[in-house]
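Each chain, letter by letter, is given below.
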Amino acid sequence: MRLSAQTPLPASVQAPGYDRERQAAGIVHIGIGAFHRAHQAAYTDDAMNAGDRDWGIIGVSLRSGDVAAQLNPQDGLYTVSMRSAAGSELRVVGAVQHVLVASKTPQAVVDAIAAPTTHIVSFTVTEKGYLRRPDGSLDLPEAAGSSSLYRFVAAGLAARKAAGFPGLTLLSCDNLAGNGAVLRRLMRDYLAAYHPGLSAWFDSECRCPATMIDRIVPATTEADRADVEAQLGVRDAGAVVTEAFSQWVIEDDFAGLRPRWEKVGAELVADVAPYETAKLRMLNGAHSALAYIGLGAGHAFVHQAIADPAIRPLIDRLMREEAAPTIDAAPGQDLAAYADALLDRFANPALHHRLIQIAMDGSQKIPQRWLETLAWHQHRGQRCRSLEAAIAAWIAFLRSDHPIDDPLADKLLEAAASPDVMERLFGDGGLITSEWRPET
Ligand code: CS2
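Note that the structure is predicted; figures quoted are calculated from it, not measured.

Caption draft 1: Region of interest: the packing of aromatic side chains. Summed over the entire model, instances satisfying the criterion amount to 10 aromatic pairs. Taking 4.6 Å as the distance between ring centres and 50 degrees as the angle between the ring planes, the aromatic pair formed by Trp248 and Trp261 counts as tilted. Highlighted residues: Trp248 in strand β10 (residues 247-251) and Trp261 in the loop between β10 and β11 (267-269), separated in sequence by 13 residues. Considering the side-chain rings of Phe426 and Trp436, the 5.3 Å spacing of their centres and the 70 degrees angle between planes classify their relative orientation as edge-to-face. With Phe426 in helix α18 (residues 421-426) and Trp436 in the segment after α18, the pair connects residues that are 10 residues apart, well separated along the chain. With a relative accessible area of 5%, Trp436 lands in the buried category. A network of ring pairs unites the aromatic residues Tyr292, Trp370, Trp394, Phe397, Phe426 and Trp436 as a single cluster.

Encoded structure:
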């Protein structure tokens, strides 16, 4: 038996407390992977449980039909399993209504964005999904391709303008520095090249708030699905596994309506930057260091690497002595307590978060996770021993027999094989754009 709207659920499992059939879809979410299902969709489900209405989510996968095949036969329902050393707690999320596959039904995606009930289009397309050139501008030929978010959003916006409907909030939920401003800039680049008649309307009618999104969500395994099935009593092909912790800080700058996410734990603030910078440089910076250093030491999981007495002090120093001083904390933001909490989260033995999952797409992650911190210290004449060790571990990883999953894989492998590897990666005109220059 498969999970669906007809399935009776065990009393211990939290289920949607609102009439799912009667909710309009207020959100179109592009990139409906495990992270969105464990994070934004759960907040939105909470908001509807707390009384908000018409915030159903239409999920979009740009390429793969996998998530549609998992969720559509289940009426959009799926389980979130929150795991800690004490055990796991299950909830079934009802916010997602159905999933479209853009490569199969592109017009349905445009129609969903153009629908008068839609107020927000949100994104988790990973760093590389934004199709940026090294100088930060949009890669226009790529953005004209069939799996580009920009094509669908622009076509949906054009239809809204033609129909006289209001603009939208475009909400980036990816780990980029200044994700709202990045999306706005790239969307403008796209419109200027391909829909110039829409540029002024986009600027006046649409908003791109910045967000800091945080929840550790390992890729779901077959063992996880079996574990959920044992507790739920039915098969859930779309289950996701995560930690109890969750955080979402959102710039309060919306074009129109939004769910009252602040009633269910999100923080709506004027300036996201201090939270986002701390998260990228401390959490994600430590994660990427754990990935390359940990894999080099023979570990498979985050909790194993952080327990290694040769690695833990280095990560501790990376967060407290290298990353934290570069951050202008917001009032009340306690970076030492943040580092303590991160060490505990990394140590969660129930998560089985694979280092190799974090190691992918290094070229897209390392600038905002490590290089901004390194540049900050370099301007002050200071070295960062932990981050330098992390860079050495990344290069060792590129030279190892691990398969390299990265949009720049071929170029990285070529650079890593050269004796001038540091120059080829980080020098002037190198593969990775940054202000930081390696010491010679
Ligand atoms: C991780 C992130 O895979 C990665 O690169 O660092 O996905 C991390 O788990 C999340 O950003 C936590 O919020």
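So that's the structure; there's more coming.
Caption draft 2: Layout of the pairing of strand β4 (residues 87-93). As defined by bridge partners, strand β3 (residues 78-84) adjoins β4 across seven bridges and the pair is classed as antiparallel. Paired with Thr79 across the two strands is Val92, which belongs to β4. The loop that links β3 with its antiparallel partner β4 comprises two residues.

Caption draft 3: Region of interest: the pattern of salt bridges. Applying the stated criterion across every chain, the model contains 23 salt bridges. Of the charged contacts, one joins Arg260 and Asp52 as a salt bridge, the two residues approaching to 2.6 Å between their closest N and O atoms. Of this pair, Arg260 sits in the loop between β10 and β11 while Asp52 sits in the loop between α2 (40-49) and β2 (56-61); the two residues are 208 residues apart in sequence, bridging distant segments of the chain. The exposure class of Arg260 is partly exposed, given its relative accessible area of 38%. The salt bridge partner of Asp361 is Lys128, with a shortest N-O separation of 2.6 Å. Here Lys128 lies in the loop between β6 (120-123) and α5 (140-143) and Asp361 lies in the loop between α14 (355-359) and α15 (362-379), a separation of 233 residues in the sequence. We classify Asp361 as buried; its relative accessible area is 2%.

Cut-offs applied
- Residues numbered from 1 in each chain as written.
- Predicted model: local features only at pLDDT ≥ 70, side-chain atom pairs only at ≥ 80, totals over all residues.
- Heavy atoms only, no water.
- Phe/Tyr/Trp six-rings, centres within 6.5 Å; stacked < 30°, edge-to-face > 60°.
- Helix = DSSP H or I, 4+ residues; strand = E, 2+ residues; numbered from the N terminus.
- Buried < 20%, exposed > 50% of the residue type's maximum accessible area, 1.4 Å probe, protein only.
- Pairing = 2+ DSSP bridges.
- Salt bridge = Lys/Arg side-chain N within 4 Å of Asp/Glu carboxyl O.

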